[in-house]
Amino acid sequence: MLVIVAHNDDHIIGAGATLAKYAKEGKKIRTIIFSYGELSHPHIKPEVIKERRYKESIESDKILGGSGVAYLGLREGKFLEQYKKRGIKEKLAYLIKKEKPSKIFTLGPSDVHPDHNAVWKAIDELIREKRIACDVYAFEVWTAVKVKKRDVPKLVVDVSDIYHIKGKALKAHKSQAEHLVPFLPLLQFKMWLHALIDGWANSCTYAEVFYKLK
Ligand SMILES: [Zn+2]
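Residues numbered from 1 in each chain as written. Predicted model: local features only at pLDDT ≥ 70, side-chain atom pairs only at ≥ 80, totals over all residues. Heavy atoms only, no water.

Draft legend 1. How the structure looks around the coordination of the zinc ion. At 2.0 Å from the zinc ion lie its protein donor atoms, namely His7 (ND1), Asp10 (OD) and His116 (NE2). Sequence positions of the residues that donate to the zinc ion give the spacing H-x2-D-x105-H. For the pair histidine 7 and aspartate 10, a shared accessibility class is recorded, and that class is buried. (Donors = N, O, S within 2.8 Å, 3.2 Å for Na, K, Ca; no water. Buried < 20%, exposed > 50% of the residue type's maximum accessible area, 1.4 Å probe, protein only.)

Right, dumping it as structure tokens:
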């Protein structure tokens with residue numbers, strides 16, 4: 001499995017329990033992250049926050065049972081601009097080819113966060129250029145409304161017995177928790193409510209739902 005995201009907590013929010021479940025089943029999960037997220041704390045030196053967020057992502061990857069994290073080092077807010085200029089596109093295509101994943105999990109086209117959307121655009125371009133051979137599934141982190149995609153096949157993962165790991169992995173991102181203090185309970189509630197609603201619709205306690213985009 002290959003996970004491709006903008007920031008080091010995106011996949012925890014969007015697919016954390018599913019990744020923990022796959023890892024428990026013995027599947028290898030590698031994660032590629034576009035940015036260190038150095039702008040999340042403008043009052044702290046970028047090198048300091050980079051180091052902190054890097055360590056936190058290693059810790060949360062361990063909690064999920066992942067097999068490692070790689071960063072592309074793009075600057076937040078400048079993804080599309082830097083992506084082609086700095087040869088990152090070729091690096092990403094190379095990593096996908098090298099890892100030979102059976103599935104890719106990434107950010108979806110209706111995510112409203114500009115950096116999240118830029119990740120989707122990058123993946124979409126590689127799909128259109130036929131440089132991605134495997135199935136691609138999307139999850140959403142920041143969508144204003146739940147977009148109905150009736151024509152797109154879905155992947156529903158019953159995560160009832162492993163949902164608690166998701167919260168644990170999210171807690172490892174302490175610097176984000178500080179940053180998001182006013183929103184954190186809301187984010188955790190939203191995450192829980194989504195899993196509960198998706199579970200209810202699919203006859204289990206908690207579920208995570210993905211949209212098949214390739
Ligand atoms: Zn993000």
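Draft legend 2. Local environment of unusual backbone geometry. In the Ramachandran plot, lysine 100 falls in the positive-phi region, its phi being about 45° despite a non-glycine side chain. When you line up the elements, lysine 100 lands in the loop between helix 4 (88–99) and strand 4 (103–107). The backbone phi angle of lysine 130 is positive, close to 60°, even though this residue is not glycine. With respect to the secondary-structure elements, lysine 130 resides in the loop between helix 5 (114–128) and strand 5 (135–139). Overall, lysine 130 belongs to the exposed group, its relative accessible area being 74%. (Helix = DSSP H or I, 4+ residues; strand = E, 2+ residues; numbered from the N terminus.)

Draft legend 3. Structural view of a positive patch on the surface. On the surface, Lys50, Arg75, Lys78, Arg86 and Lys91 cluster together to form a positively charged patch. Mapped onto the fold, arginine 86 is located in the loop between helix 3 (79–85) and helix 4. (Patch = residues over 30% accessible without salt bridge, like charges linked within 9 Å, V, L, I, M, F, W, Y side chains within 5 Å. Areas by Shrake-Rupley, 256 points an atom, 1.4 Å probe, with all protein chains shown as cover. Salt bridge = Lys/Arg side-chain N within 4 Å of Asp/Glu carboxyl O. Lys, Arg positive; Asp, Glu negative; His and termini not counted. Charge placed at Lys NZ, Arg CZ, Asp CG, Glu CD.)

Draft legend 4. Representation of the environment of lysine 103. Relative to the helices and strands, lysine 103 resides in strand 4. Through-space distance from the C-alpha of lysine 103 to that of alanine 133 is 9.3 Å; in sequence the pair is 30 residues apart. When sequence neighbours within four positions are dropped, the list of residues in contact with lysine 103 reads Met1, Leu2, Tyr22, Cys134, Asp135, Tyr137 and Leu155. (Contact = heavy atoms within 4.5 Å.)

Draft legend 5. Quick look at the pairing of strand 5. Of all five residues that make up strand 5, four are buried, and the element is covered over most of its length. For the handedness criterion, the β-α-β arrangement of strand 4, helix 5 and strand 5 is classed as right-handed. Where strand 5 and strand 7 (residues 207–212) come together, two bridges link them in antiparallel fashion. What sits directly across from alanine 138, in strand 7, is tyrosine 211. (Right-handed = clockwise from strand over helix to strand, strands pointing away. Pairing = 2+ DSSP bridges.)

Any link to function would need more than the numbers given here.
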